[in-house]
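Inside the fold
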Amino acid sequence: MADDSKRAFGPDDWHGTPATDLGRPGEFPFTRGVYPKMYTERLWTMRQYAGFGTAEETNGRFRTLLAAGQTGLSTAFDLPTQMGFDSDHPMAEGEVGRVGVAIDTVEDLHALFREIPLGQVSTSMTINATAPILLAMYVVVGEEQGVARKQLQGTVQNDVLKEYIARGTYIYPAEPSLRLVVDLFRFVADEGMNFNPISISGYHMREAGATAAQEVGFTLANACEYVRRAVDAGLDVNRFGPRLSFFFAAHNDLFEEVAKFRAARRLWARLARERFGADDQTCRLRFHTQTGGVTLQAQQPLNNVVRVTVQALAATLGGTQSLHTNGYDEALALPTAESATLALRTQQILGYESGLQQAIDPLAGSWYVEALTDRIEAEARAIIAEVDALGGAAAAVTRGFFQEAIAESAWRLQQAQESGAQVVVGVNRFTDDAPPPALTRPDYSALAQRQVARLREVKARRDAATVARTLAEVGTAAGGSVPLMGPIVAAVRARATLGEISDTLRAVWGEYRTA
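Residues numbered from 1 in each chain as written. Predicted model: local features only at pLDDT ≥ 70, side-chain atom pairs only at ≥ 80, totals over all residues. Heavy atoms only, no water.

Here the focus is the pattern of salt bridges. Counting across every chain of the model gives 43 salt bridges. Across the salt bridge formed by aspartate 108 and arginine 454, the nearest N and O atoms sit 2.8 Å from each other. One end of the pair, aspartate 108, is in helix H4 (residues 106-112); the other, arginine 454, is in helix H18 (residues 444-461), with 346 residues separating them in the sequence. Summarising the burial analysis for this pair, aspartate 108 and arginine 454 share the class buried. One salt bridge connects arginine 114 with glutamate 115, and the closest N-O pair in it is separated by 3.0 Å. Using a relative accessible area of 59% as the deciding quantity, one classes glutamate 115 as exposed. One salt-bridge network, in which partners are shared between bridges, spans Asp21, Arg266, Arg270, Asp374 and Glu377. (Salt bridge = Lys/Arg side-chain N within 4 Å of Asp/Glu carboxyl O. Helix = DSSP H or I, 4+ residues; strand = E, 2+ residues; numbered from the N terminus. Buried < 20%, exposed > 50% of the residue type's maximum accessible area, 1.4 Å probe, protein only.)

What follows is the structure, given as structure tokens:
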């Protein structure tokens, strides 16, 4: 939270200069936005995150949201898909379809995008350890829809470092995982795809308890590691750099959050130029925002509508390129169609009724906001210097630096809420005795049975010899140094499963185990 020891801000509280620290929108260091006209020319992309059990159910939600005016798709996958297990694997038992859609083969992805032309829609996929497989599936669905790779649009998260830090859906040790990240960079660049090969994510670290400054510092430290790895592998930073994207949370402190987004843009522009000699296109930090899941409360859940609105306002005042607004009931269960539509309407009211589209970076020049922006940039840069001293983000992860810092800040936040020093309306103040709303739960057992039956059907009709050959080629590539995306695409096209491809890589690389 912002420091409240000072109440009135003036010219003496901002030590920057308009020319070097603010500039103009669309110009280095991009403090005021990455495009010259920002929302005055085009609003942010309005995405709603969706993933419900089976591909057919999720397809239905996608089409409902598109009909309601959503301008981009965002896909949640279940834990077996994220961890590289097919739905019939013992490790998948009890988890199929529970936190997102289950994807075993490219046939599932076909069902997911039924009647949705991939050449006309932008799709974000929240997937990391298995990101190369899901992108390969997306490419093959495009092929089989008749959509060229260059026409495909979207983002694949592919940010494995934050999985070790805060989220936990890693599979392989760090070095081969980073190799996969770079291979995906190379593939997207070589194919000329209009696809972001990574979404470097502060969101999950903030959800785990990081402060605003830590969210920026840790995210940009990870970004520097990815870029360095790619450059060391022979990639031109200005060839893949313009397609890097970022992902941040929006929490409740309106002005601190606005300042955080502005500080992140400016600091990345400076780091990319200082460290990698990047051009202006690579120096632009384009980012997606999601309102804070951890801020949603099960008590008095309608209060979450107001929280989400404040957070969405922070994201848009801060210049986000893409936004997901949470449903008010997500602290209780998967969002209903009604709450998801209301969350989308929140964005639409901000975009079309609030006046946000009439001015670029309207809080620029506020002594308070500029002072906060400077403070967050300075704190984040100091964090990055600590990471550098440990040998970079990958080395810092193995030493537990990020994890320990986040645990400490999360503990302090919990203390503040439990003591009442930080008010949470309906939880530690202004409470009532209203019972929680009744919940309906899907029949996950029946869902899993249907998914396993479909998987077995695909296996029964595919060419087993072709599958075996393409999987062997994936294994050979993993054991050598050639890029992996080509063999993975071939295996997906042959109807090899996500679990079979992941197991092939496990056999070569092993699995990551915490100390």
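Looking at the element boundaries, arginine 229 is found in helix H9 (residues 212-232). Taking relative accessible area as the criterion, arginine 229 reaches 19% and is therefore assigned buried. Only 2.6 Å separates the side chain of arginine 229 from the side chain of glutamate 175, close enough to count as a polar contact. A polar contact of 2.9 Å, which involves the side chain of arginine 229, links it to the side chain of glutamate 225. Beyond its immediate sequence surroundings of up to four residues, arginine 229 is in contact with Glu175, Leu178, Val182 and Ala394. (Polar contact = N/O pair within 3.5 Å; in protein donor to acceptor, adjacent residues only side chain to side chain. Contact = heavy atoms within 4.5 Å.)

Looking now at helix H13 (residues 303-317). The terminal C-alpha atoms of H13, which comprises 15 residues, lie 22 Å apart, in line with the 21 Å expected from a rise of 1.5 Å per residue. Among the residues of H13, Asn304, Arg307, Val308, Gln311, Ala312, Ala314, Ala315, Thr316 and Leu317 are the ones counted as buried. At the C-terminal side of H13, glycine 319 shows a positive phi close to 90°. (Expected span 1.5 Å × (residues − 1).)

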